[in-house]
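Chain by chain, the residues run as shown.
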Amino acid sequence: MTTDSTLTPEQILTAAEDVLRRYGPAKATVVDIARALGVSHGSVYRHFPSKAALREAVTQRWLDQAHAALEAISAEPGPADERLHRWLATLFAAKKRKALEDPELFATYQALVGELSSTVEEHIETLVAQIAQIVRDGVDRGEFRPADAEFTARAVFQATAHFHDPVHAAEWKHDRADADFEAVWSLLLNGLRAG
């Protein structure tokens, strides 16, 4: 049992994730989260001023965890084409793993993401900026044809949406999903390469 004095935001977010998985976003309450922690709902509100703030923090945590490796890939040295392929493949693998291994929680996050468009928009901008960094490196090294990095990054992100947009999650379990990803990657790479 957690006490009010030892309660941390991380404990609350972990409990919130479990409660959301069990009850779904429509039925999960702050009282359910507090009960799971063995504290009063007021203790939860001391860390998160509203149910909306808590749901936003849970969603942000999920997005950050799902994509933690991407920032490192975008910043590392090495050939841009290899980094971009690994970045896109890592994003696809993370989304696919979440959707197939924990479908209840994935569905919950889809619902939460739909409610929190500003959180999602900020997250997408972060992802596009990471792609832009790789594209910029590729252009600077002569690996990719000269192009506006931000414009190209947004196009790459949109062109690969089938492999990271949750609306396509049902298709990720098919045997051909990985081959489809590689086919799209091949087309993108041909368009990006210099000369």
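Up top you'll find the structure we're talking about.
For every chain, the first residue of its written sequence is number 1, and the numbers climb from 1 along that sequence. For a predicted model such as this one, the threshold for reporting local features is a pLDDT of at least 70, and the threshold for listing and counting side-chain atom pairs is 80 or more; totals across whole chains, interfaces and linings nevertheless cover every residue. No hydrogens and no water enter the side-chain calculation; it runs on all heavy atoms of the structure.

### Details of the overall build of the chain
A run of H or I in DSSP counts as a helix once it spans at least four residues, and a run of E counts as a strand once it spans at least two, with each numbered from the N terminus. Broken down by element type, the chain carries ten helices and zero strands. For the C-alpha atoms alone, the extent of the chain along its principal axes is close to 65 × 35 × 25 Å. To sort residues, take the accessible area from a 1.4 Å probe on protein chains only and compare it with the maximum for the residue type: under 20% means buried, over 50% means exposed, and anything in between is partly exposed. Within the chain, buried positions represent 41% of all 195 residues. In what follows, residue pairs with any heavy atoms lying within 4.5 Å of each other are defined as contacts. When contacts within the chain are restricted to residue pairs at least 6 apart in sequence, long-range pairs at least 24 apart make up 70% of them. To be clear on the numbers: accessible area is Shrake-Rupley with a 1.4 Å probe, and residue cover counts the displayed protein chains and nothing else. In the form shown here, the chain has an accessible surface area of approximately 10,000 Å², with 55% of it arising from carbon and sulfur atoms. Here the chain carries 21 positive and 29 negative side-chain charges, and the mean point of each set is 4 Å from the other. Residues scored as positive are Lys and Arg, those scored as negative are Asp and Glu, and His as well as the terminal groups of each chain are ignored. Where a charge lies is defined by one atom per residue type: Lys uses NZ, Arg uses CZ, Asp uses CG and Glu uses CD.

### Some thoughts on the side chain of His164
Structurally, His164 can be placed in the loop between helix H9 (149-159) and helix H10 (177-192). Taking the relative accessible area as the measure of exposure, His164 reaches 7% and is therefore buried. In this structure the side chain of His164 is engaged in a polar contact, spanning 3.0 Å, whose partner is the backbone oxygen of Phe157. Residue contacts for His164: discarding those within four places in its chain leaves Leu91, Lys95, Phe157 and Trp172. Identification of polar contacts relies on pairs of N or O atoms within 3.5 Å, with a donor-acceptor requirement for protein atoms, meaning one able to donate a hydrogen and the other able to accept it, and with residues adjacent in sequence counted only if both atoms are side-chain atoms.

### So, the environment of Ser186
Residue placement: Ser186 occurs in helix H10. C-alpha separation for the pair Ser186 and Glu121, spaced 65 residues apart in sequence, amounts to 27 Å.

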